[in-house]
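Chain residues, written in single-letter form:
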Amino acid sequence: MDTALVGIVMGSQSDWPTLRGAAEILDELGIAHEARIVSAHRTPDRLWDYGRKAAGRGLRVIVAGAGGAAHLPGMMASKTRLPVIGVPVETRALGGLDSLYSIVQMPRGFPVATMAIGASGAVNAGLMAAQILALSDPALAERLDAWRTALSASIPEVPADD
């Protein structure tokens, strides 16, 4: 793929099964992206560096997923002017509500567009990134429209007996 337009960052390797959905939908729509492990707590220097350099490297949107304390999306938003889309990762202890509350409660000045908990939230984060990019990319807008039309067409009008 060409230079990445979307950065997908996660707090740890264990977040990848959730965040993979964002990568897959971006692949399906032909959008160049990259995935990196950038922990707010364990690799803060990596986070600062990634956030500071993201726009200059050509990224246009960042999808940030994390579980538990889930500081990654908010901290990333504090280091870049790019739109940050947060994905709360489901946790064993609280089912991801801890992640959701951490991501959605950003202080004024550091917005994070927060998706649903888990895999569906990751796919929607990829779609939201695509929609943001489609504002200035007519060819992508057409691909996104075709994807949505195909999704609608795949839903039966009448329920089937199994």
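To be clear, the structure that these remarks concern was listed above.
The rules we used
- Residues numbered from 1 in each chain as written.
- Predicted model: local features only at pLDDT ≥ 70, side-chain atom pairs only at ≥ 80, totals over all residues.
- Heavy atoms only, no water.
- Phe/Tyr/Trp six-rings, centres within 6.5 Å; stacked < 30°, edge-to-face > 60°.
- Lys NZ or Arg CZ within 6 Å of the ring centre and 35° of its normal.
- Patch = residues over 30% accessible without salt bridge, like charges linked within 9 Å, V, L, I, M, F, W, Y side chains within 5 Å.
- Areas by Shrake-Rupley, 256 points an atom, 1.4 Å probe, with all protein chains shown as cover.
- Salt bridge = Lys/Arg side-chain N within 4 Å of Asp/Glu carboxyl O.
- Helix = DSSP H or I, 4+ residues; strand = E, 2+ residues; numbered from the N terminus.
- Buried < 20%, exposed > 50% of the residue type's maximum accessible area, 1.4 Å probe, protein only.
- Pairing = 2+ DSSP bridges.

Novice: Could you clarify how one ought to interpret the packing of aromatic side chains in this entry?
Specialist: To describe a pair of aromatic rings, you give the distance between the ring centres and the angle between the ring planes. A complete count under the given rule lists 0 aromatic pairs for this structure. The lysine or arginine in question, Arg-57, covers the ring of Tyr-50, its NZ or CZ lying 5.2 Å from the ring centre. The cationic tip of Lys-79 hangs over the ring face of Trp-48; the distance from NZ or CZ to the ring centre is 5.1 Å.

Novice: Would you mind going over a nonpolar patch on the surface with me for this structure?
Specialist: On the surface, a cluster of nonpolar side chains totalling about 400 Å² of accessible area is made up of Leu-94, Leu-97, Tyr-101 and Val-104. Within the secondary structure, Leu-94 sits in the loop between strand S4 (84-88) and helix H4 (97-104). Judged by its relative accessible area of 53%, Leu-94 is exposed.

Novice: I'm lost on the sheet that holds strand S3 (residues 61-66) in this one. Help?
Specialist: Strands in a sheet are paired, the pairing made by backbone hydrogen bonds, and the direction either parallel or antiparallel. Spatial strand order, S2-S1-S3-S4-S5: 5 strands in an open sheet with parallel pairing. Where the open sheet ends on each side, the last strands, each with one partner, are strand S2 (33-37) and strand S5 (113-114). Relative to S3, strand S1 (residues 6-10) runs parallel, the two being bridged by 5 bridges. Bridging across to S3, Gly-7 finds its partner in Ile-62.

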